Amino acid sequence: SSQTLTQTVETRFLIACNEVRRRNVTIWVIGFGTNMTPVMQQCAGTGHWFQADDAEELNDIFGTIA
């Protein structure tokens, strides 16, 4: 394959996201301990991804989602 390992993983990840979304399931993605990538953001969709840099932000995000 001409794709790197990262590209292969990201492609498979997006395929899985699209399958889940096709079944009318909302996907929420929270980056905690890692930076959000464009692929993660694309999977979640507008308004469904967040970046939490500490436990307080993570707690606030879960409150927003709930």
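Our subject is the structure that appears above.
We now turn to the structure provided with this report. Positions within a chain are numbered from 1, following the residues in the order the chain's sequence is written. In keeping with the predicted nature of the model, local features appear solely for residues at pLDDT of at least 70, side-chain atom pairs appear and are counted solely at 80 or more, and the whole-chain, interface and lining totals rest on all residues. Values shown for side chains rest on all heavy atoms present in the structure; no hydrogens or waters enter the calculation.

**Section: helix α1 (residues 5-22)**
In an α-helix, one turn spans 3.6 residues; hence positions three or four apart end up facing the same way. A helix here means a DSSP run of H or I that spans at least four residues, while a strand means a run of E at least two residues long, and both kinds are numbered starting from the N terminus. Given the number of residues in a helix, its expected span is that number minus one, multiplied by 1.5 Å. Compared with the 26 Å implied by 1.5 Å per residue over 18 residues, the 26 Å span of α1 between its first and last C-alpha is a close match. Every buried residue belonging to α1 is among T8, L14 and C17, and all of these are buried. Contacts are assigned to residue pairs with any non-hydrogen atoms lying within 4.5 Å of each other. Packed against the buried residues of α1 are α2 (38-44). N24, located one to two residues past α1, shows a positive phi value of around 60°. Exposed residues in this analysis have more than 50% of their type's maximum accessible area, buried residues have under 20%, and partly exposed residues fall in between, with area computed by a 1.4 Å probe over protein chains only.

**Topic: unusual backbone geometry**
With phi around 60°, N24 is a residue other than glycine that occupies positive phi space. Checked against the element boundaries, N24 lands in the loop between α1 and β1 (29-32).

**Notes on the pairing of β1**
On β1, burial follows the alternation: V29 and G31 on one face are buried, whereas I30 and F32 on the facing-out side are not. Summarising the sheet, β1 and strand β2 (residues 49-52) pair through four bridges and their orientation is parallel. Across the sheet, the residue bridging to V29 is W49, located in β2. The path from the first strand over the helix to the second decides the hand: if it runs clockwise while the strands point away from the viewer, the crossover is right-handed. Crossover connection from β1 via α2 to parallel β2: handedness right-handed. Strand pairing follows a simple DSSP-based rule, namely that at least 2 bridges must link the two strands.

**Quick word on the packing of aromatic side chains**
The rule is short: rings of Phe, Tyr and Trp, with Trp giving its six-membered ring, pair when the centres are within 6.5 Å, and they are stacked under 30 degrees, edge-to-face over 60, tilted in between. Under the definition given, this model contains one aromatic pair. Residues W28 and F50 carry aromatic rings whose centres are separated by 6.2 Å and whose planes lie at 15° to one another, so their mutual orientation is stacked. Of this pair, W28 sits in the loop between α1 and β1 while F50 sits in strand β2, and the two are 22 residues apart along the sequence. Overall, the relative accessible area of 38% leaves W28 in the partly exposed class.

**Details of the environment of V20**
Assignment of secondary structure puts V20 in helix α1. Classification of V20 as partly exposed rests on a relative accessible area of 33%. C-alpha of V20 to C-alpha of H48: the two residues are 28 residues apart in sequence and 14 Å apart in space.

**A few points about the pattern of salt bridges**
We define a salt bridge as a side-chain nitrogen of Lys or Arg found within 4 Å of a carboxyl oxygen belonging to Asp or Glu. Considering all chains together, one arrives at two salt bridges under this definition. With a closest N to O distance of 3.0 Å, E19 and R22 form a salt bridge. Of the two residues, E19 and R22 both sit in helix α1, three residues apart, roughly one turn of that helix. The exposed category is assigned to R22, whose relative accessible area is 58%. Close ionic contact of R23 with E19 constitutes a salt bridge, the shortest N to O distance being 3.5 Å. Overall, the relative accessible area of 31% leaves E19 in the partly exposed class.

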